[in-house]
Amino acid sequence: MVLSFRFGVVFTGATTAAAWPEYARRVEGLGFSTLLVADHFDNPMACTPLLMAAASATTTLRVGSYVMNNDFRHPAMLAKEIATVDVLSGGRAELGIGAGWSKEEYEQVGFGFDPGRIRADRFEEGVTVLKKLLTGGSVVHEGRYYQLSGLEGLPLPVQRPLPLLIGGGGPRMIGIAAREAQIVAFVPPSLPGGGLDPDGFSEAAFADKVTRLDTALDSVGRSGDPPERSILIFGIGNSADQIGADWIQPDLVHTSPYALHGGPATIADTLRERNNRWGLSYIVCFDQDIDKLAPVIPHLT
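Residues numbered from 1 in each chain as written. Predicted model: local features only at pLDDT ≥ 70, side-chain atom pairs only at ≥ 80, totals over all residues. Heavy atoms only, no water.

**Q** Please set out the overall build of the protein chain residue by residue, giving values where relevant.
**A** Of the regular secondary structure elements, the protein chain holds 10 helices and 13 strands. Here the C-alpha radius of gyration of the protein chain, 19 Å, is about what a compact globule of 301 residues would show, namely 19 Å. With respect to the three principal axes, the spread of C-alpha positions in the protein chain is 55 × 45 × 40 Å. Within the protein chain, the fraction of its 301 residues that count as buried is 54%. Sequence-distant contacts, at least 24 apart, represent 69% of the contacts inside the protein chain between residues at least 6 apart. As displayed, the protein chain has an accessible area near 12700 Å², and 55% of this comes from carbon and sulfur atoms. Averaging the positions of the 25 positive and the 34 negative side-chain charges in the protein chain gives two centres separated by 5 Å. (Helix = DSSP H or I, 4+ residues; strand = E, 2+ residues; numbered from the N terminus. Rg over C-alpha atoms; globule rule 2.2 N^0.38 Å. Buried < 20%, exposed > 50% of the residue type's maximum accessible area, 1.4 Å probe, protein only. Contact = heavy atoms within 4.5 Å. Areas by Shrake-Rupley, 256 points an atom, 1.4 Å probe, with all protein chains shown as cover. Lys, Arg positive; Asp, Glu negative; His and termini not counted. Charge placed at Lys NZ, Arg CZ, Asp CG, Glu CD.)

In structure tokens:
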């Protein structure tokens, strides 16, 4: 069964008041479903204002975070921010959220980089708080990391539910995503000391991740209502040799699901095969690869 494709692009750079609306309209015109904005302290611009400005400049383009770090915002403020974007955009927001992976980023702002188990525990509780607030009403929550005593979930988002994208790296995060997310975004797992596991870019590691997700979906009873499956493409080139090794090791790049190579028709065939094999339908690239992925979109939509 071939699932319908859609495409997103992650913006990571800087822009201007004149250039940003034009960029958003170009992304929309090229056929991308969603303009996503990376959310890191060392990115030159903040995520949420860019999302709102992009939504204001377009009519159908969806906007979302890719991804906000649960450790850097209280879930009550995050729920209010994304619900506000959803209201003002007429229901076009997506919330991407993760547990954090860059130790260097934590150190830059003086945050302790807790072990992965603790970050995942805090993330799981944060998602619980977020979903309660986005549902509306008075929220009371007494948890290990968060306590709310009757906070009203306002504003109410237009979308019910507002799509929650959770990055699935390690087994724990995949389990949380299987239970809570409308979109599972496949990314390589993080290392205990920070950063992404270079071996996690391999085809074998990815196939194992998909198997874990399928098992988790069965265990929580979501086989009949599964989340959308997304993947972040870390490199696109006319040939595998043209894809830089900043993320993917040269010996893995030819078969890595996180890379695409060939002309538009060849890449389209690759994505169809991955759609059939793994259910991948929401394909996301970085902004530097937008002109490489755009010609593929007409082949698949």
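Moving on from the coordinates now.
**Q** Can you break down the side chain of Ser-281 residue by residue, with the values?
**A** Tracing the backbone through its elements, the reader meets Ser-281 in strand S13 (residues 280-286). Setting aside residues no more than four positions away along its own chain, Ser-281 makes contact with Leu-3, Ser-4, Phe-5, Arg-6, Glu-228, Arg-229 and Asn-275.

**Q** Could you give me a rundown of the environment of Ile-233, with the residues and numbers involved?
**A** Structurally, Ile-233 is set in strand S10 (residues 228-233). In this structure, the C-alpha to C-alpha distance between Ile-233 and Lys-131, residues 102 residues apart in sequence, is 28 Å.

**Q** Which residues make up the packing of aromatic side chains, and what values go with them?
**A** Inspection of every chain in the model, using the stated rule, returns 17 aromatic pairs. On the numbers, 5.6 Å between centres and 20° between planes, the contact of Trp-20 with Tyr-23 is stacked. Here the residue Trp-20 and the residue Tyr-23 both occupy positions in helix H1 (residues 19-29), the gap between them amounting to 3 residues, near one helical turn. As far as burial versus exposure is concerned, Trp-20 and Tyr-23 are alike and both buried. Through pairs of rings, three or more aromatic residues link up here, namely Trp-101, Phe-186, Phe-201, Phe-206, Phe-234, Trp-247, Tyr-258, Trp-278 and Phe-286. Of note, Arg-6 hangs over the ring of Tyr-282, and the distance from its end group to the ring centre comes to 3.7 Å. In this structure, Arg-122 is placed above the aromatic ring of Tyr-145, and the distance from its NZ or CZ to the ring centre is 5.5 Å. (Phe/Tyr/Trp six-rings, centres within 6.5 Å; stacked < 30°, edge-to-face > 60°. Lys NZ or Arg CZ within 6 Å of the ring centre and 35° of its normal.)

**Q** Which residues make up the side chain of Asn-43, and what are the values?
**A** Turning to its location among the elements, Asn-43 is positioned in the loop between strand S2 (34-37) and helix H2 (47-57). Sequence-distant contacts of Asn-43, that is, excluding residues within four places in its chain, are made with Thr-12 and Ala-38.

**Q** I'd like to hear about the nonpolar core, residue by residue, with values.
**A** Within the largest apolar cluster, 94 residues are counted, with the highest numbers of intra-cluster contacts made by Phe-32 and Leu-35. Not counting the four nearest positions on each side in its chain, Phe-32 is found in contact with Phe-7, Gly-8, Val-9, Val-27, Leu-61, Cys-285, Ile-290, Leu-293, Ala-294 and Ile-297. (Core = buried A, V, L, I, M, F, W, Y, C linked by side-chain atoms within 4.5 Å.)

**Q** Describe the pairing of strand S5 (residues 93-98), listing the residues and the values that go with them.
**A** Summarising burial for S5: 6 of the 6 residues are buried, a large majority. Of the two faces of S5, the one carrying Ala-93, Leu-95 and Ile-97 and the one carrying Glu-94, Gly-96 and Gly-98 are both buried. The pairing of strand S3 (residues 62-65) with S5 spans 2 bridges and is parallel. In the strand pairing of S5, Gly-64 is matched with Glu-94. Here strand S4 (residues 68-69) runs beside S5; their pairing, made up of 2 bridges, is parallel. In the sheet register, Asn-69 faces S5, and the bridge partner there is Gly-98. (Pairing = 2+ DSSP bridges.)

**Q** Tell me what's going on with helix H8 (residues 264-278), and back it up with residues and numbers.
**A** In a regular helix each residue adds 1.5 Å, so 15 residues correspond to 21 Å; H8 covers 20 Å between its end C-alpha atoms and thus fits that length. Buried within H8 are the following residues: Ile-267, Ala-268, Leu-271, Arg-274, Asn-275 and Trp-278. Projected down its long axis, H8 carries its buried residues within an arc of 125°, all on one side. Positive phi shows up at Gly-279, right after H8, with a value of about 80°. (Expected span 1.5 Å × (residues − 1). Arc of directions from axis to C-beta.)

**Q** Tell me what's going on with the pattern of salt bridges, and back it up with residues and numbers.
**A** For the structure shown, the criterion picks out 20 salt bridges. Its salt-bridge partner being Arg-172, residue Asp-121 comes within 2.6 Å of it at the nearest N-O pair. Here the residue Asp-121 occupies a position in helix H5 (residues 116-135), and Arg-172 occupies one in helix H6 (residues 171-180), the gap between them amounting to 51 residues. For Arg-172, a relative accessible area of 33% translates into the label partly exposed. The salt bridge partner of Glu-180 is Lys-131, with a shortest N-O separation of 2.9 Å. Here Glu-180, found in helix H6, pairs with Lys-131, found in helix H5; they are 49 residues apart in sequence, far enough to count as distant. The exposure class assigned to Glu-180 is buried, which follows from its relative accessible area of 15%. (Salt bridge = Lys/Arg side-chain N within 4 Å of Asp/Glu carboxyl O.)

The analysis is restricted to geometry; functional conclusions fall outside its scope.
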